[in-house]
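Summary of structural features
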Amino acid sequence: MNLRQLYLMQDEVNMARVRKRFIAGATCPACGAADTLQLLISENAAGEQQEQVQCVSCQHRFAERQQEETTQAAEAKPVDDAAIIGLFKPE
């Protein structure tokens, strides 16, 4: 097996770990095209999921959720446990 075949096999494995879903009704912030945004959900070697949004029209990519989570974590205020009704954990 040569090096090229090894790279092709690795690409096939990586492609199998990426799920793609279109986001209905969304417009690209870069080019303004409607219904062209695709959610890419990939899993790294540690098993952590990473989400990225890509426009299939102009190839613009962004990961808005990661930026929001970082900002929200920095601004998070302590919550009184008595005020919590329940926790929602989507999968």
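Residues numbered from 1 in each chain as written. Predicted model: local features only at pLDDT ≥ 70, side-chain atom pairs only at ≥ 80, totals over all residues. Heavy atoms only, no water.

Mapped onto the elements of the fold, Q54 is located in strand 3 (residues 49–55). Separated by 3.1 Å, the side chains of Q54 and R61 make a polar contact. What Q54 contacts, discounting residues up to four positions off in sequence, is T36, L37, Q38, L40, Q59, H60 and R61. (Helix = DSSP H or I, 4+ residues; strand = E, 2+ residues; numbered from the N terminus. Polar contact = N/O pair within 3.5 Å; in protein donor to acceptor, adjacent residues only side chain to side chain. Contact = heavy atoms within 4.5 Å.)

The next subject is the sheet that holds strand 2 (residues 37–43). Within the open sheet, the four strands sit side by side as 1-2-3-4. Their pairing is antiparallel. In the strand order of this sheet, the two ends are held by strand 1 (18–22) and strand 4 (61–62), each with one partner. By the bridge criterion, two bridges tie strand 3 to strand 4 in an arrangement that is antiparallel. Counterpart to V53 in the pairing with strand 4 is F62. (Pairing = 2+ DSSP bridges.)

Turning next to the pairing of strand 2. When strand 1 meets strand 2, the two strands line up antiparallel, connected through five bridges. Across the sheet, R21 pairs through a bridge with L39, a residue of strand 2. Following strand 2, the chain reverses through five residues before pairing antiparallel with strand 3; G47 in that reversal takes a positive phi of roughly 90°.

Glancing now at the environment of I41. Tracing the backbone shows I41 in strand 2. I41 gets classed as buried once you look at its relative accessible area, which sits at 11%. For the pair I41 and V18, spaced 23 residues apart in sequence, the C-alpha separation works out to 5.5 Å. (Buried < 20%, exposed > 50% of the residue type's maximum accessible area, 1.4 Å probe, protein only.)

Our next topic: the confidence of the model for the protein. Averaged over every residue, the pLDDT of the protein is 76; residues scoring 70 or more account for 66%. Ranking the helices and strands of the protein by mean pLDDT puts strand 4 first, with 90, and helix 2 (residues 64–75) last, with 58. (pLDDT = per-residue confidence, 0-100.)

On to the nonpolar core, then. Judged by nonpolar contacts, A26, C28, L37, V53 and C55 together constitute the single largest core of five residues. In this view, L37 contacts R21, F22, I23, A26, T27, C28, V53, Q54 and C55; residues no more than four positions away in its chain are not counted. (Core = buried A, V, L, I, M, F, W, Y, C linked by side-chain atoms within 4.5 Å.)

Right, let's talk about unusual backbone geometry for a bit. A positive phi angle, close to 55°, is found at D35, a residue other than glycine. Looking at the secondary structure, you find D35 in the loop between strand 1 and strand 2. Judged by relative accessible area, D35 falls into the partly exposed class, the value being 48%. Notably, Q59 is not glycine yet its phi reads approximately 70°, a positive angle.

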